[in-house]
Structures are given as C-alpha cells and as structure tokens.
There are 2 protein chains.
Amino acid sequence: MWKYFLFLCIGSVYCEYKYETKLFKVPLDHFGYQRNETFNIKYLVNDEHWDSSSGPIFFYTGNEGQIELFAKHTGFMWEIAAHYRAKLVFAEHRYYGTSMPFGNKSLDNEHIGYLTAAQALADYADLIDFLQGESMHPRYPVVAFGGSYGGMLAAYFRIKYPHIITGAIAASAPVHMYPGMVPCDVFDRIVTSSFKVANAKCVENIRQSWSLIRKYATNTTTSEWLHKNWKLCDPIKDGKDIDVLVEFLQSMYETLAMVNYPFPSDFLVSLPARPVRVVCQYLNETLDGDKLLEGIGKVLQVFTNYDGKSSCVDYKKGNDYGNLDASGWDYQACTEMIMPMCTTGRDDMFEASSWNYTKYAEDCHRKYNVYPRPEAARIQYGGDRLHAASNIVFSNGLLDPWVGGGILNSISKTVTTVVIIDGAHHLDLMPSTPYDPATVQMARTIHRQNIDKWLKEFREQRRRH
Amino acid sequence: MWKYFLFLCIGSVYCEYKYETKLFKVPLDHFGYQRNETFNIKYLVNDEHWDSSSGPIFFYTGNEGQIELFAKHTGFMWEIAAHYRAKLVFAEHRYYGTSMPFGNKSLDNEHIGYLTAAQALADYADLIDFLQGESMHPRYPVVAFGGSYGGMLAAYFRIKYPHIITGAIAASAPVHMYPGMVPCDVFDRIVTSSFKVANAKCVENIRQSWSLIRKYATNTTTSEWLHKNWKLCDPIKDGKDIDVLVEFLQSMYETLAMVNYPFPSDFLVSLPARPVRVVCQYLNETLDGDKLLEGIGKVLQVFTNYDGKSSCVDYKKGNDYGNLDASGWDYQACTEMIMPMCTTGRDDMFEASSWNYTKYAEDCHRKYNVYPRPEAARIQYGGDRLHAASNIVFSNGLLDPWVGGGILNSISKTVTTVVIIDGAHHLDLMPSTPYDPATVQMARTIHRQNIDKWLKEFREQRRRH
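Calculation criteria
Residues numbered from 1 in each chain as written. Chains lettered and ligands numbered in written order. Predicted model: local features only at pLDDT ≥ 70, side-chain atom pairs only at ≥ 80, totals over all residues. Heavy atoms only, no water. Disulfide = S-S within 2.5 Å. Helix = DSSP H or I, 4+ residues; strand = E, 2+ residues; numbered from the N terminus. Buried < 20%, exposed > 50% of the residue type's maximum accessible area, 1.4 Å probe, protein only. Domains from an automatic or database assignment. Contact = heavy atoms within 4.5 Å. Buried area = accessible area lost by both parts, 1.4 Å probe. Salt bridge = Lys/Arg side-chain N within 4 Å of Asp/Glu carboxyl O. Polar contact = N/O pair within 3.5 Å; in protein donor to acceptor, adjacent residues only side chain to side chain. Nonpolar A, V, L, I, M, F, W, Y, C, P; charged D, E, K, R; others polar. Least-squares fit on C-alpha atoms with pLDDT ≥ 70 in both.

Novice: Kindly report on the state of the cysteines, identifying the contributing residues and their values.
Specialist: Residues and elements named next belong to chain A. Tallied over the entire structure, the rule returns eight disulfides over all chains. The disulfide that involves Cys233 links it to Cys312, with 2.0 Å between the sulfurs. Across the disulfide from Cys233 to Cys312, rotation about the S-S bond amounts to roughly 95°, and the bridge is consequently right-handed. Residue Cys233 is found in the loop between α8 (220–229) and α9 (239–258), and its partner Cys312 is found in the loop between α11 (289–305) and α12 (326–333); the two are separated by 79 residues along the sequence. Assessed through its relative accessible area of 28%, Cys312 is described here as partly exposed.

Novice: Can you lay out the domain arrangement of chain A for me, pointing to particular residues and giving the numbers?
Specialist: All names here are of chain A. The assigned domain composition of chain A is domain 1 (20–179 + 378–464) and domain 2 (185–337 + 339–368). For domain 1 and domain 2, the distance between their C-alpha centroids amounts to 30 Å. On the side of domain 2, 32 residues touch domain 1, which itself brings 39 residues to the contact. The largest per-residue losses of area from domain 1 upon contact with domain 2 belong to Met177, Leu399 and Pro401, which jointly make up 18% of the total buried on that side. Across the contact surface, domain 1 and domain 2 share one salt bridge. Taking the shortest distance from any N to any O, the salt bridge between Lys72 and Asp266 comes out at 3.0 Å. Our enumeration of links across domain 1 and domain 2 arrives at eleven residue pairs in polar contact (both at pLDDT 80 or more). Elements supplying a minimum of two residues to the side of domain 1 that touches domain 2: α2 (67–73) and α5 (149–160). Examining the composition of the side of domain 1 that touches domain 2, we find that four residues originate from one element, α2, more than from any other. Tallied by class, residues from the side of domain 1 that touches domain 2 come to 24 nonpolar, eleven polar and four charged.

Novice: Quick rundown of the interface of chain A and chain B? Include the residues and the values.
Specialist: Residue-level contacts link 57 residues of chain A with 57 residues of chain B. Taken over both partners, the interface formed by chain A and chain B buries close to 4600 Å², and the fraction arising from carbon and sulfur atoms is 51%. Connecting chain A to chain B are two salt bridges. Across the pair Arg378(A) and Asp129(B) runs a salt bridge whose closest N-O atoms are separated by 2.4 Å. Connecting chain A to chain B are 29 residue pairs in polar contact (both at pLDDT 80 or more). Mapped by element, the contributors of at least two residues to the side of chain A that touches chain B are α4 (117–131), α5 and α14 (376–381) of chain A. Counting residues per element, the side of chain A that touches chain B draws most heavily on α4(A), at six residues. Among the residues forming the side of chain A that touches chain B, the class breakdown is 23 nonpolar, 21 polar and 13 charged.

Novice: Describe the relation of the copies chain A and chain B, listing the residues and the values that go with them.
Specialist: Rotating chain A by 180° and translating it 0.0 Å along the rotation axis places it on chain B, where the RMSD comes to 0.0 Å. Interpreted geometrically, this transformation is the action of a two-fold axis. Closest to the rotation axis within chain A is the C-alpha of Lys160(A), separated from it by 2.7 Å. When the interface residues of chain A are mapped onto chain B, 100% of them again fall at the interface, so both copies present the same face.

Novice: Tell me what's going on with the pattern of salt bridges, and back it up with residues and numbers.
Specialist: All names here are of chain A. In total, this model carries 36 salt bridges over all chains according to the counting rule given. Across the pair Lys42 and Glu92 runs a salt bridge whose closest N-O atoms are separated by 3.1 Å. Placement of Lys42 in strand β2 (residues 38–46) and of Glu92 in the loop between β4 (87–91) and α4 is noted, with a sequence separation of 50 residues between them. Residue Asp123 pairs with Arg94 through a salt bridge whose shortest N-O separation is 2.8 Å. A residue pair is termed long-range when its members are at least 10 positions apart, and Asp123 in helix α4 and Arg94 in the loop between β4 and α4 qualify at 29 residues. The exposure class of Asp123 is buried, given its relative accessible area of 0%. Linked through salt bridges whose partners overlap, the residues forming this network are Lys42, Glu68 and Glu92.

So this is what it looks like as structure tokens:
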C-alpha cells in the first residue's frame, strides 16, 4: 500500500500532479463534410512512468468542464500509473475549457451545434489513433476512465469504438436516465434517502421548510429577515425571486448528496468531509418558524461559504455547479442528454413538481433555437441494452443520486457492475484518503483486477495477430 | 426445396416481388444540431409472411443506388421470408434514388456534405426504432443484410448499433480495403485471375491489347477503323480520348469479373450467364493486329449491347455502373471511402498505373471542394480489428475482385466468414437459380444457420429480461 501513499492528496489540498498540456487538431464535424473547419482540443499527458514499448494508455474521457479539474480529482488514475507503467492522458471535451471551435463565440447559437457526445468521442478516437502512431495494429492497450457524464462517455467509447479502447471504467454514469427508462423522481428520492441516512429529522425539517420559506418570502418584514439572516446578496422581491431561491436550495441539497465524500473536497464546491452530515447537524431536531429557517440558513452558509471567500449568498447565479462550466451542459441537456426530473413531495423532501416535456422543449427552443431529440440517446447508445458490449465496468455509489440512472446489475461476464454502498458521486475515481470506506477500496481493487484482465486480453490478441 | 421454387427468378427475368413503398422522416444531421432540417428516406416493406407478434425484421441496409434495384436482386431475403415469418424492409441510402435531402440540388457541392456512412446508419437505426414502436425492449429481432458497400453498412451497423440489430450478413463487403490495409493492386490482380480461370489466353490477349489500342488510336486510319469496328459513338480524337477509352475498357473487365454470375443478369448491366467465359471465347487463341482488336471489339459488344438496345458504345459516359447511381458514390470515394487502387501490368493484365494519393486528393478537391479524410474509416470502423464485435458473417466469392478487401478468416466464434470459391460479387444474396454452384448453396445454408442462432439468442435474452 505504500506506493499509493506518495500520491495521497486529501480533499481540498491541491494535489501536485504534473502533466504536459498539449493540443490536438480535430475536424469540427466528424460525420459530414459540409463544414471542413478544424480546431484544437486540449489534452494533458503524464508519461513519467510509461513503458513506451508496450505500456498502456489510461485515457480520461473529459466531461463538461475544464479538463484540469478532472485530472486533479481523478486520483485513481494517478495512483495506479506507476504500477501499470502507464501513460496518463486527460482529454478535454470540445466546447469546454479552452477546447473551443470558435473561440469565445463557440457557445453562441450559431456555433454551438457541434457540441455532442458523438463528436467528442470521435475527437478522442482520433487522438488515440494519433497516440498509437496511426497504426493498423496498435501496440498500446487503452483503458478509458470517466466519472458522471465522463463515465457515460467512457462506456459509450467502448461500445462504439471497441477497436480503439480495450476497456472502460465508467464511474457513476447515468446511462439509463433517458426518457422512459426510469421514473423521473428517482434522482430526488435518492437525494432524500442520502439525507435520511445522515438524520431522519433533517429530511423532515427540509420537507417542512418550503411552505415556510414561501410564507416568509411574501411578507416584507420576514422576507427582509431572510435576506439578512441568510446573508442573501439580493433581497427577495417577487414570486420569481422566491422560485429562484427555492430552486437554488433544492439544487444545494442535490449537490450536497452528490459530493457527500468522506473527506473535505473542492470538487464542485468547497465543502467539509461528509457535508450532508455536517449540514444536518443544524436540522437534527424538530424545528419550526424562525428556528427552522435559521437552521436552513446555516446549511446555506456551509454550502456557499465553507472556504470563507463569499460575502453573501448569490442565489440568483443560476444552476451553476461552482467549478463546472454549466453553460455547455445546459445546451447538451437541451439536445440529446434529456434526463427527465420530477419530485413528488411524498417520496422525497421537495415540493412536488412534475416533468413537463413540452415546456422543457419550448424553453430549450427559446434559449437555443433547437428542439431536443429525446429519443436520440436511446437510439445511439441503447440505455441498458448492452448485451453485445464487453469490457465495461459500471460503478455506482448508493449515496449518489445519479445511481438512479446507473447500471446496477451485471449484464454479462464482461459488462459488470460494482456497487459502493457508502459512496457518493464517482468516489472510486477520487484520490485515495485514510477516510475511504472499505467498500470504495474494494471497488478500486475490482477496477484493477478488470484492468489486469483487459491488458492481458489485449496482449494475447496482439501476440496472435 | 419446393418453397424456394415459387420465388425463382432467373437473372434478367423480372422477379415479381411485391412491396409497399413508404417514407420515413430523418434528421439531416444526426450528430449535431447546427442544421435542423429533416427529409424523407424511402423504404420498401413486405410483411405478407410476417408474424407481427414476434417475427423477425430482415433489414437491407441500402447502398449506392435506388433501393428497388437491391430489393430486386437480393432474392435470398425474399426466399427465406416465409420460413422465418419475417417482415422484409429495404431502406434506401440517403442521397440515392429518391431519398434526397435537398431534392434535385442534393448532389450540389453546397448540399452533399451529409452523405456519409455514419449518417446513413443513423437513419437506419431511427427507422428500426420506429418499426419497433420506439420500445425500450424491442420485440422483433432484426437481422441486417447487405452486399458490397451495403455489406459494409450491414457489418458496421452491427458493430455500432448492436442494441438495434441482432446480427448481420455482410456479403462481399470490402471492409479491409482502406489505405494501408491491403496492397493497392489486389483488386485488379483478382480481376485478372478471374479471367485466367476462364481462359489463360484471354488474359494474354488483353494484356497485349493496350499498346496496340494506343498505336491504332494515334493513327488517323486505324483510329477510324477502331471507331467503326468497335461501333464507338464518338471518334478517338486525341490523347485524352485514348485515355478515356482505355479506362472504359479496364472498367469493363473489372465489372465483368464482379458480375460473373452463373445466370444471365441485369444487376449492373445486362449480361449473359458467366460473362467472363462468354467474352473470353473471342480471345481464346493467341491474336494480334486487327484480329486481336476485333476480338476486343466483340467483348465490347457483349458488355455494352447484350440486350440489343444500344446503337453504339458510349465510352465517354464515364465510370458509371449502368444501373447504379455513381454520382453520389464518387463523392463518398472522395471523402471517407478511400480505397487505393493501382495496377502493375505484371501481376495483372492492365497497363501499369500507380496509386497517387496526392493527385487523387487534389482531383477530389477540384470536384467537390473537399479533401478526403483517408484515416476516417479506419478510425470509425476499425478495418479487421473486430475482436469485440459479434454476430457478423462476412461472405466473399473468390471470383469477385472485391474479395481483396474482404475478411476471409473467421475473427472469433461470432464474427465468422464464408468463402464461396466460385462466386462473384455477393452471389449468395442473389435469387437462387438452378445454375447455382454447390458452394453458394452451402453459403446460404450457413447464413440460415447463423440467422437461426441469432434469433434464438435474441429470444432467450428477451425472455430473461
């Protein structure tokens, strides 16, 4: 175990991972020839441990954000690189970070249309072909890694390009969350159960809080009290502000459940270890009136100002996941990544809210001048119809609301699953810490066993041909 | 065997296959949202034998031409439909036949860019999803069939969409003919060997003819003799005309080898049974001078006027395969379907001609304002790196020059091959005739055994889930 210790980086302490930053030229459109522009995607490389004669390439299929963020938080790849004598590559997803086809105009409606999973995967396929020296018979086995949307991409990469990659570790990948696949309230039911695990009273208090917040927010005096007590940057002026505030709070609870790691982390926002337990300590007895809202106010402070850098709670800043770049994702969620979300208020701790596809589609059309293709992902990637695929591990933590769209039962001998009972969102890919539960340590062991198997298989096949 | 007899259609006799012609709406661009137009592709359906509770769908992945042509010549599907209680579907490839995104302007440079294999496959995936009732758990097993480029599409369809189709019969699919995969002279070496099988003298005469043709064509008197004797529509006026005539003749021999069927056929052009043997009878002894060119002239007559409908040989009409629509294909060959071709004059019966990629690319750029992406097909489809694929049969006839880019050795237990020693271009998919060699009958039996296996597998999987 000693060798892992060298790489230990606990939560928000910056890990000293070293890499080179490179650029790779890709076509704007891999699937057509009408537009023949090219642009550069960014990728990070570390080959200090690499056996360049036949060592593997461990390839992170970048998701919605700057690739440096994922490189920093995917400690698992760094920790196993020396053992496997692997080259590490982290590829940035087009239209995120600095991998912009049209510079700072890339996200404009007239340029954003080439932001799709299929185009990003084709970028990665081209990049790996280049890293293999454009060989007919590549010498380096390639394993894809990804978490969340990056996990979906890792799985899809193996499904669509099995000749390019040998296997995929798809962590917390909700590949089964498209329309008609799972109930739309599954996500927030799991958020609620993650809070219930910490403290059942906490869930009851949050459930009771919504009507009280709306009551306080509509009265001038109590609204001003909320503004002050919660340190809101802006006062709550009208019904729209109330809705925005309520949405901000719901998103806060959802994020807290996602990043409920056993160590302090700045992955999405800066938070203490086990943040759900931390915030629930303010709501651990039956509260009402001012007391209840004071408790919620303390939760807000933990969520928005754990690092002490914020002077007020900017609840109007939108559904932006702190360190992630949400603008591109919002477009993807409006085109092919349609994942219906609703709440019942009965099986979850939120206000009831139905999934209204028509309204969703109209909102998307207003924003981006496109209508979603809700069936596109099912047709392109198959949901859970993965019997013909191979060499994919789907790992999911049961504390993570995204597990609701995850693959939890092994589909075949080579499309298998790992369930991490006390894991949050792709905890298994995070840097290891002394606080890791045994289940995530076990998950990482299983990942290594699968990687061993895939590398052996690749080498045997290569010998035969 | 009696049941097959009902469907017997020998060669050029028109088969009375009945189908409904339907339209299906597809997006212009499946992989991006910049262009949100839609258009209709055509498909043909016969469900007279279909068990609509759980019968299979046999799906022809249309290639470069009107789909009716392929429906007519893919007798194998028609002949097995009743036994399997199958629905037959023949889908027309975008930009061919009447499946035109921009009407009669579709092939203009400003509109043709969405003509790619990936887009066509995505059309087919959408169509099958529709035929399955857009179900999460489709009830009908789907088997893809295709010959030639259609065979490549059938194989690629199973590789990329294994959740949509259960297996693929890929007949005469040169999936391994992209740059760097096989020697560029393989195609014309096989043309030559197909002629040699008919008559070794024939090959020697053709090999000797080129310099004689060039000599005759450059002298006014003998050139006029050629014009008359060969019934050329246009006289041979200059060096360019000579090159065009030589190219026409080479293409003629290539086509004769491809469609060297044991029965009369009008598949590409109207021809007698075993056309290579028929034409070689005019070249079956050592000839020279007028005698040699008179022989070649007789070959020309068989090739261009077997049905007696042509008044002269239109050698300037270009490399158009009679019944196929070559204009779209020429564009595909200039973008992703790069298949290097050359001749040595040593191992084949043609003038030596090297493969010059730079010239090829510049010609493409001049015509279509695009440069080829010679590596695109290798990266997208993998050539012969198909170890992770399953349920594909690659069948190839050894008389067919395209066998040079075919998969001849089984890759795994589920990616297997059938070699038809005395078969021409996808003979196994053609309507059966009393003239069929035993090897093609055996190939069709193996196809049926594989289809049995795939349907059983699909049904077992469906029962389990």
